[in-house]
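# Coordinates in review
Here's the letter readout for the chains.
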Amino acid sequence: MSTARTAKTSDAQPFDFNLDAVQAEADLTPWRVHWNGRRWEFRHAEELDVWGLVEGAERGEVGATIGIFKLALGEEQFAEFRKIRMPQYKMKALFDGYKQHCGLGESEASSDS
């Protein structure tokens, strides 16, 4: 990561930190889930837009979870995903599995490949 004070931008002004040069430390492989006879692809949590995550968090724990899935699936996939009845126990297992895939915590969820 470059943080040189002598670096220049296109407007010739110095900067202290080059955020453009920052790369993800995690493997950002999407997480693929089979549900209701279909394959769903969730973007890795490290790739999600932080501003969208903040908006979801402002709506509490459930709002944050739904916000994460909305961002991870994308608008089109999420609209289709929402049409399927989702029991709470399945949502919990889904979220636990997603967190484990993204390195955000332990999961008790199992997968049948």
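No experiment lies behind these values; they were computed from the predicted model shown.

What follows concerns the pattern of salt bridges. Taken as a whole and assessed by the stated rule, the structure comprises 5 salt bridges. A salt bridge links Arg39 to Glu41; the shortest N-O distance between them is 3.4 Å. Taking relative accessible area as the criterion, Arg39 reaches 51% and is therefore assigned exposed. In this structure, Glu80 and Lys83 form a salt bridge, with 3.0 Å as the shortest nitrogen-oxygen distance. By relative accessible area, which is 63% here, Lys83 ends up exposed. Sharing partners across several salt bridges, the network here consists of Arg32, Arg39 and Glu41.

Bringing the side chain of His44 into the picture now. Topologically, His44 is positioned in the loop between strand S2 (38-42) and helix H1 (50-57). For His44, a relative accessible area of 2% puts it in the buried group. For His44, the side chain forms a polar contact with the main-chain nitrogen of Glu46, separated by 3.0 Å.

Definitions and limits used
Residues numbered from 1 in each chain as written. Predicted model: local features only at pLDDT ≥ 70, side-chain atom pairs only at ≥ 80, totals over all residues. Heavy atoms only, no water. Salt bridge = Lys/Arg side-chain N within 4 Å of Asp/Glu carboxyl O. Buried < 20%, exposed > 50% of the residue type's maximum accessible area, 1.4 Å probe, protein only. Helix = DSSP H or I, 4+ residues; strand = E, 2+ residues; numbered from the N terminus. Polar contact = N/O pair within 3.5 Å; in protein donor to acceptor, adjacent residues only side chain to side chain.

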